[in-house]
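The chain contents come next:
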Amino acid sequence: DKGAYPFYMLKEVDEQPAVMRKLVQKYFKDDQPQLDEKLLQDMADADHIYIVGAGTSYHAGLIGARMFERLTKTPTTVHISSEFAYEQPLLSNKPFFIFLSQSGETADSREVLVHVNEHHWPSLTITNVDKSTLSREATYTLLLYAGPEIAVASTKAYTAQIAVEAILAKALGEFKQIPEAQDFALKQQLGIVANGMQAITDSKDKIESLAAHYLSKPRNAFYIGRGIDWSVSLEAALKLKEISYVQAEGFASGELKHGTIALIEKNTPVIGIVTQDRTAGLTRSNLEETEARGANTLTIAARHLAKEDDTIVIPDVDPLLTPLLSVLPAQLLAYYTSLGKGLDVDKPRNLAKSVTVQ
Ligand code: M6R
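- The name given to the chain in an unreviewed UniProt entry is Glutamine--fructose-6-phosphate aminotransferase [isomerizing], with Limosilactobacillus coleohominis 101-4-CHN as the source organism.
- Among the UniProt annotations of the chain, the heading Subcellular location (unreviewed entry) holds the following wording: "Cytoplasm".

## Digging into the sheet that holds strand S4 (residues 76–80)
Reasoning step 1: In spatial order, the strands read S4-S3-S5-S6-S7; together these five strands make up an open sheet with parallel pairing. The sheet is open, and its two borders are formed by S4 and strand S7 (140–143), each paired with just one other strand. Between one strand axis and the next, the sheet turns through 20° on average, direction left out of account.
Reasoning step 2: Of the pairings in the sheet, the one linking strand S5 (residues 95–101) to strand S6 (residues 123–127) comprises five bridges and is parallel in character. Bridge pairing in S6 links Ser101 to Thr127.
Reasoning step 3: Along the sheet, helix H4 (residues 55–72) contacts strand S3 (48–53), S4 and S5; its crossing angle with S4, the most-contacted strand, is approximately 175°.

## Description of the side chain of Ser109
Reasoning step 1: For Ser109, the location among the structural elements is in helix H6 (residues 107–118).
Reasoning step 2: In terms of polar contacts, Ser109 uses its side chain to reach the side chain of Ser81, at 3.1 Å.
Reasoning step 3: Not counting the four nearest positions on each side in its chain, Ser109 is found in contact with Gly53, Ala54, Ser81, Phe99 and Leu134.

## Things to note about the pairing of strand S8 (residues 220–225)
Reasoning step 1: Taken across its six residues, S8 has five buried, putting it largely inside the fold.
Reasoning step 2: As defined by bridge partners, S8 adjoins strand S9 (residues 247–252) across six bridges and the pair is classed as parallel. Bridging from a neighbouring strand, Ala221 pairs with Ala248 of S9.
Reasoning step 3: Assessed by its sense of winding, the connection that carries the chain from S8 through helix H12 (residues 228–244) to S9 is right-handed.
Reasoning step 4: Sheet topology places S8 next to strand S10 (residues 269–274); three bridges connect them, and they run parallel. Within S10, the residue paired with Ile224 across the bridge is Gly272.

## Some details on the sheet that holds strand S12 (residues 312–314)
By definition, the strands of a sheet pair up through backbone hydrogen bonds, in either a parallel or an antiparallel sense.
Reasoning step 1: Within the open sheet, the five strands sit side by side as S9-S8-S10-S11-S12. Their pairing is parallel. The sheet terminates laterally at S9 and S12, the two strands that pair on one side only. Each adjacent strand pair in this sheet contributes to an overall mean axis angle of 15°, direction not counted.
Reasoning step 2: Across the sheet, H12 is in contact with S8, S9 and S10; its angle to S9 comes to roughly 175°.
Reasoning step 3: Relative to the sheet, helix H13 (residues 277–291) contacts S8, S10 and strand S11 (296–302), its axis offset from that of S10 by approximately 170°.

## Here we look at the site of the ligand
Reasoning step 1: Around the ligand, 14 residues are found, and the nearest of them are Ser57, Ser101, Ser103, Thr106 and Glu242.
Reasoning step 2: A distance of 3.1 Å separates an oxygen atom of the ligand from a polar backbone atom of Thr56.
Reasoning step 3: The side chain of Ser103 places a nitrogen or oxygen atom 2.6 Å from an oxygen atom of the ligand.
Reasoning step 4: Here the ligand occupies the largest pocket.
Reasoning step 5: Put simply, the parts of the chain that give the shell around the ligand at least two residues each are H4 and H12.
Reasoning step 6: A per-element tally of the shell around the ligand places H4 first, with three residues.
Reasoning step 7: Here the residues of the shell around the ligand sort into four nonpolar, eight polar and two charged.

Reading the values: the criteria
Residues numbered from 1 in each chain as written. Predicted model: local features only at pLDDT ≥ 70, side-chain atom pairs only at ≥ 80, totals over all residues. Heavy atoms only, no water. UniProt positions renumbered as here; feature names shortened; annotations may be inferred. Pairing = 2+ DSSP bridges. Helix = DSSP H or I, 4+ residues; strand = E, 2+ residues; numbered from the N terminus. Axes fitted to C-alpha atoms, helices over the stretch in contact; angles between N-to-C directions. Contact = heavy atoms within 4.5 Å. Polar contact = N/O pair within 3.5 Å; in protein donor to acceptor, adjacent residues only side chain to side chain. Buried < 20%, exposed > 50% of the residue type's maximum accessible area, 1.4 Å probe, protein only. Right-handed = clockwise from strand over helix to strand, strands pointing away. Near = heavy atom within 4 Å. 1 Å grid on protein atoms, 1.4 Å probe; cavity = no way out; pocket = protein on both sides within 12 Å on 5 of 7 lines; lining within 4 Å. Sits in = over half its atoms within 2 Å of the grid points. Nonpolar A, V, L, I, M, F, W, Y, C, P; charged D, E, K, R; others polar.

Below is the structure:
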C-alpha cells in the first residue's frame, strides 16, 4: 500500500533510512557483523570473487567490488549476467560467486548460477526475496530486508545491496584479520548514513525545482565522476533514463575529453558527483570544461569538499559508503523529472519489474 504517496517510488526512496537501520539490527551483534562462519570460510578460501548482476544490481556490484578489494584484499570483478552467461572470462582456480538480485528471479543471472552449480563452485545470493530461485539455488543467501520494492525503478534495493556488501566485506575482512576491515567502524557509519539519507529526503522541494529547471526540457544529460563516483553516475543515469526517458549517460569524468565532450552543447545538463578527496578537483575541472562548452552543470558534493555554489551538498560519511548518500539526489531528480512530465513513474514504458526471460 502506498498510503499518502502518489507513487511507490517516492515511498521507497523515503524508506531508505529505515532499511539501513533494519540492516544494522539484523546483521550486527554489538559492534560486529554476525554472519555464517561457513560462508566466511568459503569466501576466505577463494582466490577471486566474481559478482554477477543485471541493471541496478550490476551497479551495486561495482560498489561492492571496491569494498571487497579494500577490506578483504580479495581480487574482485563484476560482471553483467547476460554477458557472463555466454562468454566467461578465464576464471581463477578457486572462484567464489556473489549473485546480486533484488527479485532473485532474473533469468540472465540464473543462467550463470546453473553453470556455477555444474562446477560445484560456492555461491552466495544477496536478494530481497527469501526462497526466490536464485536464493534456493545458491549455496548461501543474505537478505536485503528492504521490504517489497514495487516501483520498476530500483531504489531502496540498490542502497540495501551496497549496505549488505559492506557488512559482508567487513565480516570477511575481520575473519581474515585485515587491518582496514578491523578499523572500519561500519555500524556507526551506517547510523550516520541513515541520518544523512533522512536529511536528503527532507530536501525534496529543492530537488524538485532543480529537476524542473535543469532536466524537464533537454533530451540528453550526463552524470560524471571518478572512481566510486563514476560507479554511482551509472546508476544515476539509469534512473533518469528509465523513468523520465531522458537519454542519460554515466561517464568517467576524465574520459569525456577523449571524445564524448563533442556531444555537449548549450544547456546540456551535466551533473558531477564529487565525494572523494583525491579526485574532487579533477572532476570539478572536467565540469568546468563542459561548462565552457555551454553545459548547465550541477554538483552533488560531499560536505567537506563542498564549495559555495554547489547545487546539492550531502553529509560526510566514510569514503567507501558515499554511494549510499550520493545516489539519493539522483533518485529524486529522476523521480521529479518523470513526475513533471506526467509519466507513470512506477511503470515506465517497455519495462517489467522482474526480467524472467533472457
Ligand atoms: O531483480 P534484479 O535485481 O535481478 O533485477 C535486475 C534489473 O532488472 C533491475 O535492477 C533493473 O535494472 C531496474 N529496473 C533498475 O531500476
